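Okay, here's what each chain looks like letter by letter:
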Number of protein chains: 2
Amino acid sequence: MIGFLIVTHKDLAEALMNVCDLILGRQEGILALSLDPDAPPEVSQQQIQRALVQVNNGSGVIILTDMLGGTPSNLTLPFLQEGKVEVITGVNLPMLMKLAQLRTDKNLVEVAAALKQWGQKGIAMASEVLKKK
Amino acid sequence: MIGFLIVTHKDLAEALMNVCDLILGRQEGILALSLDPDAPPEVSQQQIQRALVQVNNGSGVIILTDMLGGTPSNLTLPFLQEGKVEVITGVNLPMLMKLAQLRTDKNLVEVAAALKQWGQKGIAMASEVLKKK
């Protein structure tokens, strides 16, 4: 089963995880890592490495970061590994709601691509959605 | 100047706002409203109404919610008002990073559409982005 690691600035990762827990209940193999903006990069990177080991049961890990170009995202990029560790930026709740459903799929790249799509699809203007109904 | 209201489950709204403050500094006319999942709907709706009044300086308000179909999102829908109050779902950090730049635009619907696009564009697979470089 694919592992997931949410890595963000400050408490955003925990906050996202808490909402997931509220809606879906606590799930195995998903960790939230909120990086301290004042911590030295090497300390943050060690935290990421340890968390990756923790959530990886051999099926690889998808890292979800808050923003491309942000420090948390930049610190995860050295861990990219084709088919084994993927990074998705711009994490939001609609994306996280699909983790449980998608993670049993064997192909990590396909799961990552599907999560990206669900995240994007979840961003909508309510007035447009209501008009379509 | 358009007002913004982030409405989510639990502490997610504050967590998002804290990251914005960290990166861009505190900005006027943007409020975070984290709804207590145990509060009665009418209490939450009153909180939303009060917050809307607080951030609306006459140019209207864009409400950013965590997920279409979620309680916070559902509670904001009665406040939709064409050209005056818009709701965008699936809030993420890339979207929030654009608020300051876009909010001076006069047309609320255009700003909402642009925010939706920035939010979606901010969701990327790092391996794909790096290949393009």
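Keep in mind it's a predicted model, so treat the numbers as computed, not measured.

How each quantity is defined
- Residues numbered from 1 in each chain as written.
- Chains lettered and ligands numbered in written order.
- Predicted model: local features only at pLDDT ≥ 70, side-chain atom pairs only at ≥ 80, totals over all residues.
- Heavy atoms only, no water.
- Least-squares fit on C-alpha atoms with pLDDT ≥ 70 in both.
- Phe/Tyr/Trp six-rings, centres within 6.5 Å; stacked < 30°, edge-to-face > 60°.
- Lys NZ or Arg CZ within 6 Å of the ring centre and 35° of its normal.
- Buried < 20%, exposed > 50% of the residue type's maximum accessible area, 1.4 Å probe, protein only.
- Helix = DSSP H or I, 4+ residues; strand = E, 2+ residues; numbered from the N terminus.
- Pairing = 2+ DSSP bridges.
- Right-handed = clockwise from strand over helix to strand, strands pointing away.
- Contact = heavy atoms within 4.5 Å.
- Buried area = accessible area lost by both parts, 1.4 Å probe.
- Salt bridge = Lys/Arg side-chain N within 4 Å of Asp/Glu carboxyl O.
- Polar contact = N/O pair within 3.5 Å; in protein donor to acceptor, adjacent residues only side chain to side chain.
- Nonpolar A, V, L, I, M, F, W, Y, C, P; charged D, E, K, R; others polar.

A. Region of the structure containing the relation of the copies chain B and chain A. When chain B is fitted onto chain A, the two copies agree to an RMSD of 0.0 Å after a turn of 180° and an axial shift of 0.0 Å. On this basis, the relationship between the two copies can be described by a two-fold rotation axis.

B. Seen up close, the packing of aromatic side chains. One pass over the structure, following the stated rule, counts zero aromatic pairs over all chains. Stacked on the ring of Trp-118 of chain A, the Lys or Arg Lys-98 of chain A has its end atom at 3.8 Å from the ring centre.

C. Inspection of the pairing of strand β3 (residues 61-65) of chain B at higher detail. All names here are of chain B. Taken across its five residues, β3 has five buried, putting it largely inside the fold. Here β3 shows no split at all, with Val-61, Ile-63 and Thr-65 on one side and Ile-62 and Leu-64 on the other all buried. Across five bridges, the pairing between strand β1 (residues 3-9) and β3 is parallel. For Ile-6, the partnering residue across the bridge sits in β3 and is Leu-64. Sheet topology places β3 next to strand β4 (residues 85-88); four bridges connect them, and they run parallel. Paired with Val-61 across the bridge in β4 is Val-85. Between β3 and its parallel partner β4, the chain crosses via helix α3 (residues 71-76), and the hand of that crossover is right-handed.

D. Representation of unusual backbone geometry within the structure. Residues and elements named next belong to chain A. Its identity as a non-glycine residue notwithstanding, Lys-10 has a phi of 45°, on the positive side. By the element assignment, Lys-10 lies in the loop between β1 (3-9) and α1 (12-24). Judged by its relative accessible area of 31%, Lys-10 falls in the partly exposed class.

E. Just the interface of chain B and chain A, in detail. Residue-level contacts link 42 residues of chain B with 42 residues of chain A. For the pair chain B and chain A, the two sides together bury roughly 3400 Å², of which 75% comes from carbon and sulfur. Between chain B and chain A we count two salt bridges in total. The partner of Glu-128 of chain B in a salt bridge is Lys-116 of chain A, and the shortest N-O contact between them spans 3.0 Å. Applying the counting criterion to the chain B and chain A interface returns 15 residue pairs in polar contact (both at pLDDT 80 or more). Broken down by secondary-structure element, the contributors of at least two residues to the side of chain B that touches chain A are α1 (12-24), β4, α4 (93-96), α6 (108-121) and α7 (126-132) of chain B. Across the side of chain B that touches chain A, the residue classes tally to 27 nonpolar, nine polar and six charged.

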